[in-house]
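# Per-entry structural report
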Amino acid sequence: MYVRPQHQGAPLTFGVSGMLWKDSLITYDRQTRSLWSHVTGKALKGPLQGTVLTVYPSSMQTTWAQWRRLHPRTLVLSKRGRGGALEGMHDVYEDYFQSETRLGIFGTKNPDASLPGKEYVLGVSAGAARSAYPFRHLSVQPLVNDRVGTEPIVVVFAKEAATATAFSRRVGGKTLEFRQLRVEGGDLLMTDAETGSTWRALEGVALAGRLKGQRLGQVPGTLAFWFAWKQIYPQTAIWKPG
C-alpha cells in the first residue's frame, strides 16, 4: 500500500496495465501513463521514471477476526459484480497457489534453493538493505529482534492468522529489546526488557508501563513468495532462528 503522490495539483490515480515485471504486477497512472512496480513502488518507465512511492503502513495479510480485534470500528470495502454478487469471493489463482512447483506465470525457476520457491516470506526493507523472514522459521521463533542494515527491528508473527509484521525498535532515542511474546485475553502481547512495558505486538502500541501510549514505527514489509522476493532483491539476506 502506498501514498498517492500529487501531480499538477491532484493525486495520481492508478490502474492495472496487464503487464508483468519479474512475475509481478505492473500498474500505470492515468495522468502520465508511467508504469510502476507494485512491489518496489518505483516508476519503471514513463515521465515519472525513477520516482518511488511512499509506503503507507498496513497489514498485508491477516484474518478478519484478528483485524476486527485490533480495529473494531473498521469499515469494509465491498464491490458488487454482475447480478449483485460480491466480487472477490472466488480466487481465480487457486490452482496456482496450491501448486508447489508452478513458479510465476512463464515457468520461472527458483533463483535460490536456500528456500522452496513458494515459501512465504516477510520481505523487510530498510534503506538499501533487504532481509527475508521465512514463515517456516517464524513458526519456530515468532518474535525476532534483528537489524536490517543499520535499522534495529522487531518482527512479530501470529501463526494462526499467518500474520507477520515488522517495527523499528527505536523509541525516544533508545533501542528496545522485546521478549515474552504471549496471548492474553485474545491479544498477542510482548514486553520490552528496558522498561517492562507491555505492547500489543501486531499493532506496535504500548498498553501499560512507563511507555504506555508510545507507538513503534512500522518498517516497510512485503508478503511474497521466496522466488519472487529473491528475483527483485537478489542481495537479500535470509533470517534464521539462532
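The structure we're discussing is the one just above.
Below: a short report on this structure. (Residues numbered from 1 in each chain as written. Predicted model: local features only at pLDDT ≥ 70, side-chain atom pairs only at ≥ 80, totals over all residues. Heavy atoms only, no water.)

## Regarding the side chain of T32
As for its position among the elements, T32 is in the loop between β4 (24-29) and β5 (35-37). For T32, a relative accessible area of 12% translates into the label buried. A polar contact is formed between the side chain of T32 and the side chain of S34, at a distance of 2.7 Å. Apart from residues no more than four positions distant in its own chain, T32 is found in contact with H7, P47 and L48. (Helix = DSSP H or I, 4+ residues; strand = E, 2+ residues; numbered from the N terminus. Buried < 20%, exposed > 50% of the residue type's maximum accessible area, 1.4 Å probe, protein only. Polar contact = N/O pair within 3.5 Å; in protein donor to acceptor, adjacent residues only side chain to side chain. Contact = heavy atoms within 4.5 Å.)

## Quick word on the pairing of strand β17 (residues 205-208)
Pairing analysis gives three bridges linking strand β16 (residues 198-200) to β17, with the strands arranged antiparallel. Of the residues in β17, the one forming a bridge with R200 is V205. A loop of four residues connects β16 with β17, the two strands running antiparallel in sequence, and G204 in this loop sits at a positive phi of about 70°. (Pairing = 2+ DSSP bridges.)

## Observations concerning a nonpolar patch on the surface
Taken together, the side chains of M1, V3 and Y56 present a nonpolar region at the surface, about 330 Å² in accessible area. Tracing the chain through its elements places M1 in the segment before β1 (6-7). (Patch = residues over 30% accessible without salt bridge, like charges linked within 9 Å, V, L, I, M, F, W, Y side chains within 5 Å. Areas by Shrake-Rupley, 256 points an atom, 1.4 Å probe, with all protein chains shown as cover. Salt bridge = Lys/Arg side-chain N within 4 Å of Asp/Glu carboxyl O.)

## Section: the packing of aromatic side chains
Considering all chains together, one arrives at eight aromatic pairs under this definition. Between Y120 and F135, the ring centres sit 5.9 Å apart and the planes meet at 35°, which makes this aromatic pair tilted. One end of the pair, Y120, is in strand β7 (residues 120-126); the other, F135, is in helix α3 (residues 135-140), and 15 residues separate them in sequence. Y120 sits in the partly exposed class, given a relative accessible area of 30%. Ring geometry for F135 versus F157: centroids 4.9 Å apart, planes at 55°, classification tilted. Taken together, the positions of F135 in helix α3 and F157 in strand β10 (residues 151-158) put the pair 22 residues apart, joining distant regions of the chain. (Phe/Tyr/Trp six-rings, centres within 6.5 Å; stacked < 30°, edge-to-face > 60°.)

## Side note on the sheet that holds β10
Pairing is antiparallel in the open sheet, where three strands are placed in the order β9-β10-β11. Looking at which strands have only one partner, the edges of the open sheet turn out to be β9 (143-148) and β11 (163-168). Averaged over all pairs of adjacent strands, the angle between their axes in this sheet comes to 25°, without regard to strand direction. Sheet topology note: the β10/β11 ladder contains six bridges and is antiparallel. Within the sheet, the bridge partner assigned to V155 lies in β11 and is A166. (Axes fitted to C-alpha atoms, helices over the stretch in contact; angles between N-to-C directions.)

In short, geometric facts, not functional conclusions.
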